[in-house]
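A look at the structure
Residue-level listing of the chains:
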Amino acid sequence: MNKYYSIGEISTITGISKNTLNFYLNKELLFPCFINESGYRFFGDKDLWQLEIISMLRKLNVPLKKVKLIIQSHDNEKVTNLLKDHKKEALQRSNYYLQIAKDIDWYNEENKKINKIKKKEANLYLEYLNSETVIANHTAQKTKNSEAFLTSVAKEQLDRTGTIQRKYGYLIDPQKIKNGIYKPQLNYVKLYGDYNSVDSENLMVIPAGNYLISTLHIKNNQANFSQMIDWINKHNFRVKQVFAEEIGLQLFHYNADYYSRIKILLGESD
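Below: a short report on this structure. (Residues numbered from 1 in each chain as written. Predicted model: local features only at pLDDT ≥ 70, side-chain atom pairs only at ≥ 80, totals over all residues. Heavy atoms only, no water.)

Next up on the list: the overall build of the chain. Counting secondary structure elements, the chain contains seven helices and eleven strands. A globule of 270 residues ought to have a C-alpha radius of gyration of about 18 Å, yet the chain, at 31 Å, is considerably larger. For the chain, the share of sequence-separated contacts (at least 6 apart) that also reach a separation of at least 24 residues comes to 68%. Once the 38 positive and 30 negative side-chain charges of the chain are each reduced to a mean point, those two points are 2 Å apart. (Helix = DSSP H or I, 4+ residues; strand = E, 2+ residues; numbered from the N terminus. Rg over C-alpha atoms; globule rule 2.2 N^0.38 Å. Contact = heavy atoms within 4.5 Å. Lys, Arg positive; Asp, Glu negative; His and termini not counted. Charge placed at Lys NZ, Arg CZ, Asp CG, Glu CD.)

Dropping the structure here:
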């Protein structure tokens with residue numbers, strides 16, 4: 001004689017709550033064997049097995065729509081193929097969350113750079129740097145809001161790479177630094193990966209060359225460039241271009257008071 005169970009008994013046996021069992025019934029993942037005259041639903045041993053399958057698939061995070069297809073298939077080959085497809089999706093999600101973890105670690109390191117530079121004087125040093133390609137707000141776009149422009153142009157690239165990692169910078173007026181004035185002529189952002197999704201007109205190449213590098217405190221668009229300028233004069237160089245890049249990544253507005261890595265591209269004196 002077949003044994004039948006009420007929904008409460010099924011809940012006790014399986015550990016699945018009554019609310020979840022009713023949810024499965026509403027989603028047509030589970031059907032009662034019969035309903036008595038009082039309207040109570042009863043289930044058999046096969047339903048216990050079906051609930052075992054549903055629980056297993058839910059632990060694998062298989063969506064309900066796919067769970068229903070698997071239950072209805074009654075075909076191990078079809079089930080295997082459905083699970084293989086789910087595996088691909090799971091790996092994609094795994095990579096997504098791994099990138100999130102990497103980005104959080106990266107942001108933590110960027111914040112450490114900000115705190116570290118506030119506690120000590122920056123060194124002045126000479127370094128040869130290779131050329132870099134960046135997304136830039138050229139003077140041709142000067143009528144556009146700089147932040148809005150860079151956000152708009154960089155959006156597709158950021159979506160494609162799936163990371164928050166970036167570096168903001170400025171091309172500084174080289175004539176103004178002699179008077180301690182920090183005046184950006186255009187701004188740019190460095191992203192990771194290639195720039196295949198960005199129009200070439202929105203790209204700029206920061207040239208390779210010998211750079212004099214230091215970190216300066218920028219406050220109200222002023223900075224003390226004297227040490228860098230004295231070194232340049234002493235060693236008989238001239239200033240070709242001046243680039244400034246943020247230290248770390250700040251998510252909040254800090255244009256009035258912050259630290260910046262200054263890179264002066266050197267040229268031979270005329």
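For helix 5 (residues 76-117), with 42 residues, the first-to-last C-alpha span of 61 Å sits near the 62 Å given by 1.5 Å per residue. When we look at burial in helix 5, the residues that qualify are Val-79, Leu-82, His-86, Asp-103, Trp-106, Glu-110, Ile-114 and Ile-117. On its buried face, helix 5 sits against helix 4 (64-73), strand 6 (166-172), strand 9 (209-219) and strand 11 (257-268). (Expected span 1.5 Å × (residues − 1). Buried < 20%, exposed > 50% of the residue type's maximum accessible area, 1.4 Å probe, protein only.)

In this section: the nonpolar core. Counting 20 residues, the largest nonpolar core has Ile-10, Leu-21, Tyr-24, Leu-30, Leu-51, Ile-54 and Val-67 as the members making the most contacts within it. Secondary-structure elements contributing two or more residues to this core are helix 1 (7-14), helix 2 (18-26), helix 3 (45-59), helix 4 and helix 5. Among the elements that take part in this core, helix 3 stands out by supplying four residues, more than any other. Of all hydrophobic cores here, the second largest spans 18 residues; its members include Phe-225, Met-228, Ile-232 and Ile-262. (Core = buried A, V, L, I, M, F, W, Y, C linked by side-chain atoms within 4.5 Å.)

A few words now on a nonpolar patch on the surface. A grouping of Tyr-96, Tyr-97, Ile-100 and Ile-104 is seen on the molecular surface, where their side chains present a nonpolar patch of about 440 Å² in accessible area. Structurally, Tyr-97 can be placed in helix 5. (Patch = residues over 30% accessible without salt bridge, like charges linked within 9 Å, V, L, I, M, F, W, Y side chains within 5 Å. Areas by Shrake-Rupley, 256 points an atom, 1.4 Å probe, with all protein chains shown as cover. Salt bridge = Lys/Arg side-chain N within 4 Å of Asp/Glu carboxyl O.)

Enumeration according to the criterion identifies eight aromatic pairs in this entry. Arranged with centres 5.2 Å apart and planes meeting at 15°, the rings of Phe-34 and Phe-42 form a pair that is stacked. The exposure class assigned to Phe-34 is partly exposed, which follows from its relative accessible area of 34%. A ring pair is formed by Trp-231 and Phe-237, whose centres lie 5.9 Å apart and whose planes are at 5°; its orientation type is stacked. Among the aromatic residues, those joined into a ring-pair cluster are Tyr-4, Phe-34 and Phe-42. The cationic tip of Lys-263 hangs over the ring face of Tyr-211; the distance from NZ or CZ to the ring centre is 5.8 Å. (Phe/Tyr/Trp six-rings, centres within 6.5 Å; stacked < 30°, edge-to-face > 60°. Lys NZ or Arg CZ within 6 Å of the ring centre and 35° of its normal.)

Quick look at the sheet that holds strand 10 (residues 237-246) now. Spatial strand order, 4-9-11-10-6-7-5-8: eight strands in an open sheet with antiparallel pairing. What marks the edges here is a single partner per strand, and that holds for strand 4 (125-129) and strand 8 (203-206). Taken over all neighbouring pairs, the strand axes of this sheet differ in orientation by 40° on average, direction set aside. Pairing analysis gives four bridges linking strand 5 (residues 132-136) to strand 8, with the strands arranged antiparallel. Paired with Thr-133 across the two strands is Val-205, which belongs to strand 8. (Pairing = 2+ DSSP bridges. Axes fitted to C-alpha atoms, helices over the stretch in contact; angles between N-to-C directions.)

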